[in-house]
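# Results of the structural survey
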Amino acid sequence: MLLILLGVLILHVIILILLIVSTAASAWSVADNSAKDLWYKCLTNNRGYHCQPSSNEDWIQAVQALMILSVLFCFFSLIAFLYQLFRLVKGGRFFFTAIFQILASVFVMCGAIIYTVMRPNDGIHTNFGYAYVLAWVAFPMCLISGLIYIVLRKKE
Amino acid sequence: MLTFLALTSVALLGIVPEQSQAIAIYTGWERHALVGSDIRLSCSFFSWRWTSEDVTFSWTYRPDGSRDSISIFHYTGGAAYVDNKGPFRDRLEFVGNPGRRDGSILLKNLELNDNGTFTCDAKNPPDIVGRPSSVRLLVFEKVPIQAGVITGAIIGVVLGLLVLIVVIYYLMRFLVARRVFSLSVSKHGKKKKEGSQQRQGPVPPADPSKVKAATSEKKKQESRKDKK
């Protein structure tokens, strides 16, 4: 039992770290010498490394908001998990934790979908960077973790 | 106190040497406007001298991407001369008050070609040494949304909904628990009355109505307490 709890907790922390790295790292769209993320677009040319703020379009702000919300909800669900671990009655289910975790996964999904559809398209050889991939990886992990919390019961 | 302030100001005016007295001109830094709207470009100055009658204001315009500037407005000798040949003919109006050191102009019916830098130069003889000040005009088809407005709005709405749901949840739990408590109290009161009546002996059959009246009175009292 303790092993299962520990495993679930470690999974949760890993998801939180993935979400934070994905939100903050500057690698959502990469080209040969430029990297773009939700906040800045940086260019490396013969004059050095320049960054300027990302465009103020509506969809980038929506993606920013959704990623931040997903990080917040994952963090809230971690706190709710720790709280319910010590306060829940015997045999109870971790509903609050599950709800927050599933909401976090929904937000990551929405953010990643919006970015996929409206991706900034200046340059032919731009690929998706690792931060974008991390967002897509975090989404099913978050969903599975939420479902585990629905099924999990507190024993002993 | 007032005399002290007056003395210090007179002393400062006397101490400050003539060469460092310069006229300081203030305009905005950047102005944003929509196509077709009007905008007022303000210009005022600070000078140690009183406003003279020969005060002059002049505005020049340099389009974006060009290196030449043209003069579009001049106020001198108490009369204002607006542009009647250049890009702003019939669109420029003087709305300033030179007596109050205000040399603002009004540009009407803006076009996309009006993007550029407007420079205001004011002179207050004999205080003529100064640096002209420039304001940049940006004309948009639609006003762009500032960074972070939508982000903040989405985050605020979602967190607000979360707090609202939690509050409503706890409120419902509290109300339901209270209703259960009041029902159990009234049932307990009923049982007590019935027990005491049985001990008294045979009673007229008008009792059920009396008991009902008593419980309804109790409920009324509790609802009054709830409303309070």
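Predicted model, so just to flag it, every value in this text is computed and none were measured.

## A look at the sheet that holds strand β3 (residues 40-45) of chain A
Residues and elements named next belong to chain A. With antiparallel pairing, the 5 strands of this open sheet are ordered in space as β4-β3-β2-β1-β5. Single-partner strands in this sheet number two, and they are β4 (48-53) and β5 (127-128). Both strand β2 (residues 34-36) and β3 contribute to a ladder of 3 bridges, which runs antiparallel. In the strand pairing of β3, Ala35 is matched with Cys42.

## Regarding the interface of chain A and chain B
Contacts between chain A and chain B engage 14 residues on the former and 13 residues on the latter. Buried surface at the junction of chain A and chain B, both sides included, amounts to about 1100 Å², of which 77% is carbon and sulfur. Remark: the boundary between chain A and chain B carries 0 salt bridges. Joining chain A to chain B, the criterion identifies 4 residue pairs in polar contact (both at pLDDT 80 or more). Of all elements in the fold, only α2 (58-87) and α3 (95-117) of chain A reach the threshold of two or more residues within the side of chain A that touches chain B. A per-element tally of the side of chain A that touches chain B places α2(A) first, with 10 residues.

## A short note on the pattern of salt bridges
Residues and elements named next belong to chain B. Under the defined criterion, the tally for this structure stands at 6 salt bridges over all chains. Between Asp64 and Arg136 there is a salt bridge; the shortest N-O distance is 3.2 Å. In this pair, Asp64 is assigned in the loop between β5 (56-63) and β6 (70-76) and Arg136 in strand β12 (residues 133-140), connecting sequence segments 72 residues apart. Exposure remark for Asp64: the relative accessible area of 39% places this residue in the partly exposed category.

## Here's the deal with the nonpolar core
Within the largest apolar cluster, 35 residues are counted, with the highest numbers of intra-cluster contacts made by Leu19(A), Trp28(A), Phe73(A) and Tyr115(A). Broken down by secondary-structure element, the contributors of at least two residues to this core are α1 (2-24), α2, α3 and α4 (130-151) of chain A together with α2 (149-200) of chain B. Of the residues forming this core, the biggest block, 12 residues, is contributed by α2(A). Contacts of Tyr115(A), omitting those with residues within four sequence positions, involve Trp28(A), Ser29(A), Leu38(A), Trp59(A), Val63(A), Pro120(A), Phe128(A) and Tyr132(A).

## Observations regarding the UniProt feature "signal peptide" (unreviewed entry) in chain A
The sites that carry the UniProt feature "signal peptide" (unreviewed entry) are, in the present numbering, residues 1-27 of chain A. Secondary structure within residues 1-27 of chain A divides into 85% helix and 0% strand; the distance between the first and last C-alpha atoms comes to 39 Å.

Calculation criteria
- Residue numbers restart at each chain and count upward from 1, following the sequence in its written direction.
- All chains are assigned letters beginning at A, and all ligands numbers beginning at 1, according to the order in which they are written.
- With pLDDT at 70 or above as the cut-off, local features in this predicted model cover only qualifying residues; side-chain atom pairs require 80 or more to be listed or tallied, and sums for whole chains, interfaces and linings still use all residues.
- With hydrogens and water stripped out, all remaining heavy atoms of the structure feed into the side-chain values.
- At least two bridges found by DSSP between two strands are what make those strands a pair.
- Each helix is a run of DSSP H or I of at least 4 residues and each strand a run of E of at least 2, with the numbering of both proceeding from the N terminus.
- We call two residues contacting when some pair of their heavy atoms lies within 4.5 Å.
- By buried area we mean how much accessible surface two parts lose on assembly, using a 1.4 Å probe and totalling the loss over both.
- Salt bridge criterion: a side-chain nitrogen from Lys or Arg within 4 Å of a carboxyl oxygen from Asp or Glu.
- Counted as a polar contact is a pair of N or O atoms within 3.5 Å, where, for protein atoms, one must be capable of donating a hydrogen and the other of accepting one, and residues adjacent in sequence contribute only when both atoms are in side chains.
- The rule is simple: take the accessible area with a 1.4 Å probe, protein chains only, and divide by the maximum for that residue type; under 20% is buried, over 50% is exposed, in between is partly exposed.
- Among the buried residues, those of types Ala, Val, Leu, Ile, Met, Phe, Trp, Tyr and Cys that are joined through side-chain atoms within 4.5 Å form a nonpolar core.
- UniProt positions are given in the numbering used here, feature names are shortened, and annotations may be inferred rather than shown by experiment.

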